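Okay, here's what each chain looks like letter by letter:
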Amino acid sequence: MKNNLFLDAANSKATERPPVWMMRQAGRFMPQYWEIKNKYSFLEMCKNPEIAADVTMLPVDLLGIDAAILFCDILVTGEAMGGDLSFTQGIGPKFANPLRTAADIDKLETDVVDRLEYVADAIKVIQQRLDGSIPLIGFAGAPFTVMSYLVEGGSSKDFKLTKLLMHNHPELTHRLLAKIAKVTTDYLNLQIAAGVNAVQLFDSWALALSWNDYKEFSHQYNQQIIAGLNRTNVPVISFCKGSSVFAPIMAEAKPDVISVDWNADLLNIKNALPAGIAVQGNLDPHILYADQPVIKKHIHQLFERMRGTEGFIFNLGHGIMPDIPFDNVKYAIEVVKEFRY
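Please read all numbers here as calculations on a predicted model, not as lab measurements. (Residues numbered from 1 in each chain as written. Predicted model: local features only at pLDDT ≥ 70, side-chain atom pairs only at ≥ 80, totals over all residues. Heavy atoms only, no water.)

A. Quick peek at the layout of surface pockets. Approximately 1,100 Å³ is the volume attributed to the largest pocket. Those elements giving two or more residues to the lining of the largest pocket turn out to be α2 (31-37), β2 (85-88) and β3 (92-95). The biggest single contributor to the lining of the largest pocket is α2, with 3 residues. Considered class by class, the residues forming the lining of the largest pocket number 24 nonpolar, 11 polar and 5 charged. Taken as a whole, the second largest pocket holds about 210 Å³ of empty space. (1 Å grid on protein atoms, 1.4 Å probe; cavity = no way out; pocket = protein on both sides within 12 Å on 5 of 7 lines; lining within 4 Å. Points joined across faces, edges and corners; volume = space filled by probe spheres on them. Helix = DSSP H or I, 4+ residues; strand = E, 2+ residues; numbered from the N terminus. Nonpolar A, V, L, I, M, F, W, Y, C, P; charged D, E, K, R; others polar.)

Pasting the structure below:
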């Protein structure tokens, strides 16, 4: 790898500066993304390896980040299991057949990794294009988050149906989560076999859970997945909205990196974690709307706080919002790349 910064930091080694990549770095804030998106549906973009590679490479070519992340979506596992998935502009993902009964859950299939082969094909194309320049990160949605979409039928503000299922029918919920966990493990191992250099598990909606519910309905399945990965020389990043709260228990799943939201002091989180677990984060993405001197001030503030820390990857506390100015994202990455400890 010509640029080892990301992998070194993920493995808790010292680096001359923090490596930088950003969640949703290949996305709607880029005019070049829309040039592609206006020609194809979102799922067509995910399922065509050449197009997925085109989108994955946009931040590599235009921003100069230290790691690429596969262009896909966390819900492709739910679709492979039998969910009728679609994406509508301005609305987001929808499952036309939400899970409402035990029979619905029993119908979901688990030996489905062959249906996700298009992702492996995309990884191979992307790695050819990267040609060893920077690492490629693969990813999957964590079981609780994928379950919430399958049960709610789409995004939710209160997760009412998901929580009703959990609280009134815990055994059925565990049956569903076990199915998703099995598919997720197979899917991430497919990506590893295809050549990704790291993987990230996205538990985007974990913050909806209480501490006890997180332990029961999220953590144990994330732990199963991480334990089931062929992770030799492939660092595993665990991310959730709520990592500032759940980081101590997330560490029990033994990821290599915990990606932290912007609600916590990152150094405090790092110091409270077991040795050998790196941290990723944790700039508030809303700062990227601000004037460029403000962006620089906040990045340097974080870097000075983390000075002398081994195992630190710069990222946002969540993904880039679609209307953040492209020039501000590019500027932020330049600020990171100019910094030296």
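B. Representation of the sheet that holds strand β1 (residues 68-69) in the model. Taken in spatial order, the 7 strands make up an open sheet running β1-β4-β5-β6-β7-β8-β9, and their pairing is parallel. Looking along the sheet, the strands with just one partner apiece sit at the ends: β1 and β9 (312-316). Taken together, the 5 bridges between strand β8 (residues 278-283) and β9 define a ladder with parallel strand orientation. Its bridge partner lying in β9, V279 is registered against F312. (Pairing = 2+ DSSP bridges.)

C. Structural view of the nonpolar core. Formed by 135 residues in total, the largest nonpolar core has its most connected members in F6, M22, L176, L288, I299, F314 and V329. Among the elements that take part in this core, helix α10 (residues 170-194) stands out by supplying 11 residues, more than any other. The contact partners of M22, leaving out residues within four places of it in the chain, are L288, F314, N315, L316, I320, V329, A332 and I333. (Core = buried A, V, L, I, M, F, W, Y, C linked by side-chain atoms within 4.5 Å. Buried < 20%, exposed > 50% of the residue type's maximum accessible area, 1.4 Å probe, protein only. Contact = heavy atoms within 4.5 Å.)

D. Looking closely at empty space enclosed by the protein. Under the defined criterion, the tally for this structure stands at 1 cavity of 30 Å³ or more. Put simply, the largest cavity is a space of about 30 Å³. Around the largest cavity, the lining residues are Y214, H219, N222, I226, S238, M250 and A253. For the lining of the largest cavity, the element with the most residues is helix α11 (residues 211-227), which contributes 4 residues. Looking at side-chain class alone, the lining of the largest cavity contains 4 nonpolar, 3 polar and no charged residues.

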